[in-house]
Amino acid sequence: MQSPSYEQHRCLLFQNVGGAREQKTNNNTGTPKFGNKKLPNAIIVGVKKGGTRAVLEFIRVHPDVRAMGTEPHFFDRNFDKGLDWYRSLMPRTLDTQITMEKTPSYFVTKEAPKRISNLSRDTKLIVVVRNPVTRAISDYTQTLSKKPDIPSFEDLAFKNWSLGLVDTSWNAIRIGMYVLHLENWLQYFPLSQIHFVSGERLITDPAGELGRIQDFLGLKRIVTDKHFYFNKTKGFPCLKKPESSSLPRCLGKSKGRTHVQIDQEVIEQLRDFYRPYNFRFYEMVGHNFRWD
C-alpha cells in the first residue's frame, strides 16, 4: 500500500483545520482537554536577535492566542518530518483562538516562503526588525558567550577592514540585509500579510507595538500599557505579574546581555554598508525605521 502523498497529507490536515470544532477529549490520565491541535494561523518568521521572543511572550498574554514556547524549525530544518509531526507540536486551541509559533531563521531561509505558502496562503507573518548594525553586534555577543574562542567581530565582519570590504557571507551580516530576504517572501505573500515590528519601539513603547500586532491579527486590543513595566536592570520592558503568580514575567538571563564593545569606526563603516539596503527596505515596506 502506497504512503499518502504530500498533497494528500495536506488536504487531510486542512479538512481537520478548516472544520475544527471545540472538542473535549481525555488523555491517559483521564484529565479533560479542550480544543484541537491546529496548524498555525500566524508565524513570527524573523529576525534573529530582533526581539522575537519578547513579541511571542507579550502576545501570548492575549486570551485568544495560543503559542508554542519553543522554536519548531519545521520550515527550515525539520520539513522532512512531515505535517503530522509539525501539527503535533502545537498547543490545543479553540475555534476562536489563534495558533502561533516563532522561528526567526525562517526569514533568511530561501525555501521557507514557498513551503509556508504551499501549506496555507492565508498565514499571517510577523517580522521583528532592528537596526542591522546593532542586530549584528547582538548576534556576535550571543555566539561569543557560547564560543569564546571565535575571531573578533571586526575579523568576521570584514574581508578587508582598511578597504571597508564587508563579508556578506557571515550570517550575522547577511541577516541584516532585510530587503533581499523580503524580496523572496514577496514572491509568495502579499505585503498586506506581513507585519513589521520595530525592535527599537518594542523597547520604548511595547504597548503601542502590541496594539498594532493585535490589529494585524484581527484581535481586540486586550494587551495594553497596563501589562508592562520597564526593567531598568535589563534595559527592556517586562510583563507585570499575573494574578496567578507572585512574580513578574521577564525574559531569560540571556536577554538584555551587555553587548561587546565595538570600535566606533567599525560601526560607522557598517552603517555606510547597510544604508542603501535600509533605504530600499523602507521604500518596500512603506515605513522609515530611522536606523540612519
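Whatever comes next refers back to the structure up there.
Residues numbered from 1 in each chain as written. Predicted model: local features only at pLDDT ≥ 70, side-chain atom pairs only at ≥ 80, totals over all residues. Heavy atoms only, no water.

(A) Geometry of the packing of aromatic side chains. Evaluation of the coordinates by the stated rule reveals 24 aromatic pairs. Both rings, one in phenylalanine 74 and one in tryptophan 85, keep their centres 6.2 Å apart while their planes meet at 35°; by these two values the pair is tilted. Of this pair, phenylalanine 74 sits in the loop between strand S5 (65–67) and helix H3 (82–88) while tryptophan 85 sits in helix H3, and the two are 11 residues apart along the sequence. Overall, the relative accessible area of 25% leaves tryptophan 85 in the partly exposed class. Through a chain of ring-to-ring contacts, the aromatic side chains of Tyr178, Phe196, Phe279, Phe281, Tyr282, Phe289 and Trp291 assemble into a single cluster. The ring of phenylalanine 79 is capped by arginine 115, whose NZ or CZ atom sits 4.3 Å from the centre of that ring. Positioned over the ring face of phenylalanine 216 is lysine 124, at 5.4 Å from the centre of the ring. (Phe/Tyr/Trp six-rings, centres within 6.5 Å; stacked < 30°, edge-to-face > 60°. Helix = DSSP H or I, 4+ residues; strand = E, 2+ residues; numbered from the N terminus. Buried < 20%, exposed > 50% of the residue type's maximum accessible area, 1.4 Å probe, protein only. Lys NZ or Arg CZ within 6 Å of the ring centre and 35° of its normal.)

(B) Inspection of the pairing of strand S11 (residues 194–198) at higher detail. Summarising burial for S11: five of the five residues are buried, a large majority. Alignment of strand S8 (residues 124–129) against S11, held across five bridges, turns out to be parallel. What sits directly across from leucine 125, in S11, is isoleucine 194. (Pairing = 2+ DSSP bridges.)

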